[in-house]
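Notes for the structure review
Each chain is listed here by its residues.
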Number of protein chains: 2
Amino acid sequence: MEHTVRSFDADLRNLSRRVAEMGSLAQAQVSGALRALERRDAALARQIITADNQIDAMQREIEESAVQMIARRQPLAIDLRQIVGALRIAGYLERVADLSKNIAKRTTVLTGEFPIGDVMPRIQLLGQKVLAQLDEVLRSLEGRDGATALEVWRKDEEIDALNNSLSRDLFAYMTENPRSVVFCTHLLFCAKNLERMGDHATNIAERVYYIVEGQEISGERPKEDLRTA
Amino acid sequence: MEHTVRSFDADLRNLSRRVAEMGSLAQAQVSGALRALERRDAALARQIITADNQIDAMQREIEESAVQMIARRQPLAIDLRQIVGALRIAGYLERVADLSKNIAKRTTVLTGEFPIGDVMPRIQLLGQKVLAQLDEVLRSLEGRDGATALEVWRKDEEIDALNNSLSRDLFAYMTENPRSVVFCTHLLFCAKNLERMGDHATNIAERVYYIVEGQEISGERPKEDLRTA
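Quick notes on the packing of aromatic side chains
As enumerated under the stated definition, the model contains 1 aromatic pair over all chains in all. Residues Phe189 of chain A and Phe189 of chain B carry aromatic rings whose centres are separated by 4.0 Å and whose planes lie at 20° to one another, so their mutual orientation is stacked. Of this pair, Phe189 of chain A sits in helix H6 (residues 181-213) while Phe189 of chain B sits in helix H6 (residues 181-213), each in a different chain. Using a relative accessible area of 6% as the deciding quantity, one classes Phe189 of chain B as buried.

With respect to the environment of Val208 of chain B
All names here are of chain B. Looking at the element boundaries, Val208 is found in helix H6. Distance in space between the C-alpha atoms of Val208 and Leu150 is 8.9 Å, their sequence separation being 58 residues. Residues contacting Val208, with those up to four places away along its chain left out, are Ile89, Val137, Ser140, Leu141, Asp145 and Ala149.

Concerning unusual backbone geometry
A positive phi angle is found at Arg144 of chain A, which is not glycine, with a value near 45°. Along the chain, Arg144 of chain A falls in the loop between helix H4 (119-142) and helix H5 (146-176). Of note, Gln74 of chain B is a non-glycine position whose phi angle comes to about 40°, a positive value. Here Gln74 of chain B lies in the loop between helix H2 (42-73) and helix H3 (77-109). Among the residues examined, Gln74 of chain B registers a relative accessible area of 41% and is labelled partly exposed.

Details of the interface of chain A and chain B
On the side of chain B, 35 residues touch chain A, which itself brings 36 residues to the contact. For the pair chain A and chain B, the two sides together bury roughly 3300 Å², of which 62% comes from carbon and sulfur. Connecting chain A to chain B are 6 salt bridges. Between Asp98 of chain B and Arg196 of chain A there is a salt bridge; the shortest N-O distance is 3.4 Å. For the interface between chain A and chain B, the tally reads 6 residue pairs in polar contact (both at pLDDT 80 or more). Looking at the side of chain A that touches chain B, the elements that each hand over two or more residues are helix H2 (42-73), helix H3 (77-109), H5 and H6 of chain A. Element by element, the count of residues in the side of chain A that touches chain B is highest for H3 of chain A, at 10 residues.

Reading the values: the criteria
Residues numbered from 1 in each chain as written. Chains lettered and ligands numbered in written order. Predicted model: local features only at pLDDT ≥ 70, side-chain atom pairs only at ≥ 80, totals over all residues. Heavy atoms only, no water. Phe/Tyr/Trp six-rings, centres within 6.5 Å; stacked < 30°, edge-to-face > 60°. Helix = DSSP H or I, 4+ residues; strand = E, 2+ residues; numbered from the N terminus. Buried < 20%, exposed > 50% of the residue type's maximum accessible area, 1.4 Å probe, protein only. Contact = heavy atoms within 4.5 Å. Buried area = accessible area lost by both parts, 1.4 Å probe. Salt bridge = Lys/Arg side-chain N within 4 Å of Asp/Glu carboxyl O. Polar contact = N/O pair within 3.5 Å; in protein donor to acceptor, adjacent residues only side chain to side chain.

Rendered as structure tokens:
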């Protein structure tokens, strides 16, 4: 009996470790996609696209382990919460990686000069904020830290605000410079993808909070503003 | 023992029924969002946005039942495949509904006249194709029909092609009519959302095939073309 318990804990630690690994890989995909976009580096972008398969495989593995654990161990409610939480978080990480792949795909087709002074740096800034949110939420998961998760959840508004002002400026620029329409639209989609990653950081924060506290975060999520995006 | 088996089958049927219900609701959200966009009906769009909570709740319920079934019944591999498949399909349906909500959100902020002759009808056409794919893949799930699932999987290319040509024309129009940039960009995002729904119909087709055949669909997925989108 003691052996069973010990090895269940080992399974649980193993599952957490794999989710953490998947998180690191997802972060690497985000920062790689941002670097590729910044440098207009199509070769790097193609590496990011290829590496996405690895993340998908990790998600499938995590899903399989989680399901096997549930089937074999008949875990208690509190452990079930952790296992199902890991499943969900792996799902969100897969989506983050998928959005990175999408930015990388757009990077491979961006051509021509892009003249706007500060738009590219502002996309990078948005990306850095998203990376910081991901980093913090993954640390909150590792440390089973509900307070930090709650902080991440609250800070998503900043990302939405950055995306909104960036979109507004891109629209204004496109209107003035119609020949930049295709390029700017790719950037609009890239910014939108980053904003979606921020949403997934928020989703993960909700799961971490639930795992740690056993209840949902109360209150409404900050709302997204689509008037300009 | 016989009683246990019978009630496991009842659980499984119940799970399938709820996934089918979730599928119908997701389809209703897609067609509601399309109708709201077509008529620029902000009130209907707001209904779609509100109804999205219901779909999220259904996904949580399906997840909970699936996990409980796995924990209590310790199912055989073949049954596990069905239960995990239901979990995954519910996840894709949630994403389809989420994309409908996104179209509805954009509909609430679309203002002014939109002059392009055939762009709006072509978005509707794209939407109808997506609805047809969803309908077919949900029927393939209900009928445990791998051949139909495979057909859905193959037809996703048509949706990608429609989205590509629509995007190209929207870009051209925006370049000629810079004042339509904001409106056209909303439409680009709406078209992209529909194309993503098509991808999820493909994801569901892969799961149905796996549930029925016990193996993955072989061959590469048709690739998406981002040169103009």
